[in-house]
Amino acid sequence: MAPTLEVRGLATHFFTKAGVLKAVDDVSFSIDQGKVLGLVGESGSGKSVTGFSILGLVDPPGRVVAGDIIFKGRNLTGLPEQEWRKIRGRDIAMIFQDPMMTLNPVLRIDTQMTETVLAHEKVSEKAALARAREVLVQVGIPSPDERLKAYPHQFSGGMRQRVAIAIALLHSPALIIADEPTTALDVTIQGQILYEVQKLCRDTGTSLIWITHDLSVVAGLADEICVMYAGRIVERGAVDQVLDEPLHPYTRGLIGSVPSRNVRGQPLTQIPGMTPSLLNLPPGCAFRTRCPRADAACMVEPAITSPKPGREVRCFHPHLVDVVA
């Protein structure tokens with residue numbers, strides 16, 4: 001069976017007065033039906049821009065300059081806006097980190113949700129309202145009939161995020177791109193949302209790209225993980241394999257900085273230095289200035305290799321023997 005989404009050599013650059021910022025550079029991955037892909041990396045690594053690029057939402061001065069985005073056998077790169085409007089929301093939905101990017105502050109929730117349904121389906125307003133109520137219950141919103149008549153400002157931040165997630169679920173899309181949607185939620189609600197999206201993927205075959213910097217969320221949610229650094233994927237593989245046996249020094253550093261992996265009373269493990277500016281990346285491997293294994297070979301940009309079955313890494317000196325304790 002063909003993958004739901006296949007991204008090949010995606011490059012998204014921003015053409016600024018200071019120079020060309022390569023936010024996403026040569027990114028490739030695929031996601032199968034009903035699977036969850038975790039896109040992980042620190043702030044500024046290009047995760048969110050990758051999500052926006054897939055949905056054709058990159059605004060000037062940014063633009064997709066190379067690569068193919070194949071969704072269910074159809075290449076989406078270069079689609080006119082009119083075609084994009086048919087796809088967004090119905091076939092591919094996005095859950096933003098800030099729910100107010102989804103919600104209109106001057107419209108009631110019932111209006112926003114029914115209009116979303118009616119924009120893509122010829123059903124009665126009553127049926128659209130029933131669908132809206134159904135998904136509000138699905139994401140754990142109490143008193144859904146009352147909430148439908150409310151405005152966004154009458155909700156807490158966490159409740160607004162749940163409404164935004166409900167809107168993304170309205171059409172049971174083939175692909176959902178979730179950009180850190182549970183960051184503002186408390187742990188109980190976060191667990192509920194993660195359970196619901198996993199159930200949705202399992203029951204309907206929806207594919208999910210979960211963009212986050214929280215490795216603990218990805219560990220329990222994703223089937224596969226892609227680790228991004230400075231606009232590129234540096235490691236990819238099954239989530240258990242990558243977290244238990246990281247190959248790239250950056251992945252190893254990320255996992256080592258999780259508090260639960262450190263000895264009580266000892267300082268947290270940290271990656272030295274700062275992420276380089278994407279406007280002025282060092283020659284060769286972008287991570288070499290922070291990497292304990294870097295040598296002269298790293299002055300050349302490493303290609304992606306597969307040192308182990310089902311694993312990909314962009315590094316000259318991957319950790320092939322050591323296992324994270």
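Below you will find a few notes about this structure. (Residues numbered from 1 in each chain as written. Predicted model: local features only at pLDDT ≥ 70, side-chain atom pairs only at ≥ 80, totals over all residues. Heavy atoms only, no water.)

### Some details on the sheet that holds strand β11 (residues 312-313)
Part 1 of the argument: Read across the open sheet, the seven strands follow the order β6-β7-β8-β3-β9-β10-β11; overall the sheet is mixed. Of all strands in the sheet, those with a lone pairing partner are β6 (92-95) and β11, marking the two edges.
Part 2 of the argument: The pairing of β6 with strand β7 (residues 175-179) spans four bridges and is classified as parallel. Opposite alanine 93, over in β7, you have isoleucine 176 as the bridge partner.
Part 3 of the argument: Contacts from helix α6 (residues 157-169) reach β6 and β7 within the one sheet, and its direction differs from that of β6 by about 175 degrees.
Part 4 of the argument: In the packing of helix α10 (residues 249-256) onto the sheet, the strands contacted are β3 (36-40), β9 (224-229) and β10 (232-238), and the crossing angle to β9 comes to about 105 degrees. (Pairing = 2+ DSSP bridges. Helix = DSSP H or I, 4+ residues; strand = E, 2+ residues; numbered from the N terminus. Contact = heavy atoms within 4.5 Å. Axes fitted to C-alpha atoms, helices over the stretch in contact; angles between N-to-C directions.)

### So, helix α4 (residues 125-138)
Part 1 of the argument: Its 14 residues place the ends of α4 20 Å apart at the C-alpha level, agreeing with the 20 Å of an ideal helix rising 1.5 Å per residue.
Part 2 of the argument: Every buried residue of α4 is accounted for by Ala128, Ala132, Val135 and Leu136. Taken down its axis, α4 places every buried residue within 105 degrees of arc, on the same side. Opposite the buried face of α4, by more than 90 degrees, sit the exposed residues Lys126 and Glu134.
Part 3 of the argument: Contact partners of the buried residues in α4: α3 (109-118), α5 (144-148) and α6.
Part 4 of the argument: Following α4 by one or two positions, glycine 140 adopts a phi angle in the positive range, close to 80 degrees. (Expected span 1.5 Å × (residues − 1). Buried < 20%, exposed > 50% of the residue type's maximum accessible area, 1.4 Å probe, protein only. Arc of directions from axis to C-beta.)

### Points about the pattern of salt bridges
Part 1 of the argument: Here the structure, examined in full by the defined rule, presents 19 salt bridges.
Part 2 of the argument: Between glutamate 42 and arginine 290 there is a salt bridge, with its nearest N and O atoms 3.5 Å apart. Of the two residues, glutamate 42 is situated in the loop between β3 and α1 (47-54) and arginine 290 in the loop between α10 and β11; the sequence distance between them amounts to 248 residues.
Part 3 of the argument: Residue glutamate 42 is classed as partly exposed on the basis of its relative accessible area of 23%.
Part 4 of the argument: Arginine 108 is the salt-bridge partner of aspartate 110, the closest N and O atoms lying 2.6 Å from each other.
Part 5 of the argument: A residue is classified by how much of its surface remains accessible, and aspartate 110, at 11% relative accessible area, is buried. (Salt bridge = Lys/Arg side-chain N within 4 Å of Asp/Glu carboxyl O.)

### What to know about the pairing of β10
Part 1 of the argument: Most of β10 is tucked away: six of the seven residues are buried.
Part 2 of the argument: Summarising the sheet, β9 and β10 pair through six bridges and their orientation is antiparallel. The partner of isoleucine 225 across the bridge, within β10, is glycine 237.
Part 3 of the argument: Between β9 and β10, which pair antiparallel one after the other, the connecting turn spans two residues, and alanine 230 there sits at a positive phi close to 50 degrees.

### Some points on the environment of glycine 78
Part 1 of the argument: With respect to the element layout, glycine 78 can be found in the loop between β5 (74-75) and α2 (81-87).
Part 2 of the argument: Taking the C-alpha atoms as reference, glycine 78 lies 9.4 Å from aspartate 68; in sequence the two are 10 residues apart.

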